[in-house]
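Now for the letters of each chain:
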Amino acid sequence: DVKVTQSSRYLVKRTGEKVFLECVQDMDHENMFWYRQDPGLGLRLIYFSYDVKMKEKGDIPEGYSVSREKKERFSLILESASTNQTSMYLCASSPQGAGYGYTFGSGTRLTVV
Amino acid sequence: AQSVTQLGSHVSVSEGALVLLRCNYSSSVPPYLFWYVQYPNQGLQLLLKYTTGATLVKGINGFEAEFKKSETSFHLTKPSAHMSDAAEYFCAFNTGGFKTIFGAGTRLFVKA
């Protein structure tokens, strides 16, 4: 069964900490994405990557960075966590091409205190 | 601007009744259209998609959706609701680039 695996289901961090969220896919997909999901706001794209070492800003990149050193792994970094980054974070991957749809991970619920 | 609108943040149906979740999109180019389902504390799962060809598409769990270009709609239906269908449903579209635009979601409640 193909999978997108996010390293943590629940995470609690303190304000100002550097936070790493990891995502690994086993489908050899070219594209990988990070979204955050908040009630009433749906899914908002933070960053995406279409190839190793390539990254593009999404709609809400402020306060985040990403890393893609290997094809299967896409990391989201909160440089200095703040309480307004408390959210559900979803990683997704897809093959090259717009018509395939995404495979999502189970999500990481991050709480910043 | 490109956007997708899901009518109704909450929909409630009785078990065995028709499920109808509405989705309208705004795009100047032909879109690829998707419906996803999200169960509590899980990620999203692809239910069905429209790319080209037949405008009525069938997905998993008995759901189907019809692409109506003239109405810019892609409504999701299921003839008979089951308790296990209770979840949040997201409509989404892509016009050929890297970014997929998601609707705000519709939470489906199924009453016994």
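Right above here is the structure, for reference.
As the structure is a computational prediction, the values presented were derived from the model and not from experiment.

## Focus: the overall build of chain A
Next up, step 1: A count of helices and strands for chain A gives zero helices and 12 strands.
Next up, step 2: If you list the helices and strands of chain A from N to C, you get β-β-β-β-β-β-β-β-β-β-β-β.
Next up, step 3: By the compact-globule yardstick of 13 Å for 113 residues, chain A fits well, its C-alpha radius of gyration being 13 Å.
Next up, step 4: Along the longest, intermediate and shortest principal axes, the C-alpha atoms of chain A span 40 × 30 × 25 Å.
Next up, step 5: Within the span of chain A, comprising 113 residues, buried residues form 50% of the whole.
Next up, step 6: Put simply, of all contacts in chain A between residues at least 6 apart along the chain, 55% involve residues at least 24 apart.
Next up, step 7: Total accessible area computed for chain A in this model is approximately 5,400 Å², and 49% of it derives from carbon and sulfur atoms.
Next up, step 8: Computed over 15 positive and 14 negative side-chain charges, the inter-centroid distance for chain A is 6 Å.

## Section: the state of the cysteines
Every disulfide links exactly two cysteines, by a covalent bond between their sulfur atoms.
Next up, step 1: Taken as a whole, this structure holds two disulfides over all chains when the rule is applied.
Next up, step 2: Put simply, A:Cys23 and A:Cys91 are joined by a disulfide, and their sulfur atoms are 1.9 Å apart. When the S-S torsion is -75 degrees, as for the bridge of A:Cys23 with A:Cys91, the disulfide is left-handed. In this pair, A:Cys23 sits in strand 4 (residues 23–25) while A:Cys91 sits in strand 10 (residues 87–94), placing the two residues 68 residues apart along the sequence. A:Cys91 carries the same exposure label as A:Cys23, and that label is buried.
Next up, step 3: Covalently, B:Cys23 is tied to B:Cys91 through a disulfide, its sulfur atoms 1.9 Å apart.

The rules behind the values
- Residues numbered from 1 in each chain as written.
- Chains lettered and ligands numbered in written order.
- Predicted model: local features only at pLDDT ≥ 70, side-chain atom pairs only at ≥ 80, totals over all residues.
- Heavy atoms only, no water.
- Helix = DSSP H or I, 4+ residues; strand = E, 2+ residues; numbered from the N terminus.
- Rg over C-alpha atoms; globule rule 2.2 N^0.38 Å.
- Buried < 20%, exposed > 50% of the residue type's maximum accessible area, 1.4 Å probe, protein only.
- Contact = heavy atoms within 4.5 Å.
- Areas by Shrake-Rupley, 256 points an atom, 1.4 Å probe, with all protein chains shown as cover.
- Lys, Arg positive; Asp, Glu negative; His and termini not counted.
- Charge placed at Lys NZ, Arg CZ, Asp CG, Glu CD.
- Disulfide = S-S within 2.5 Å.

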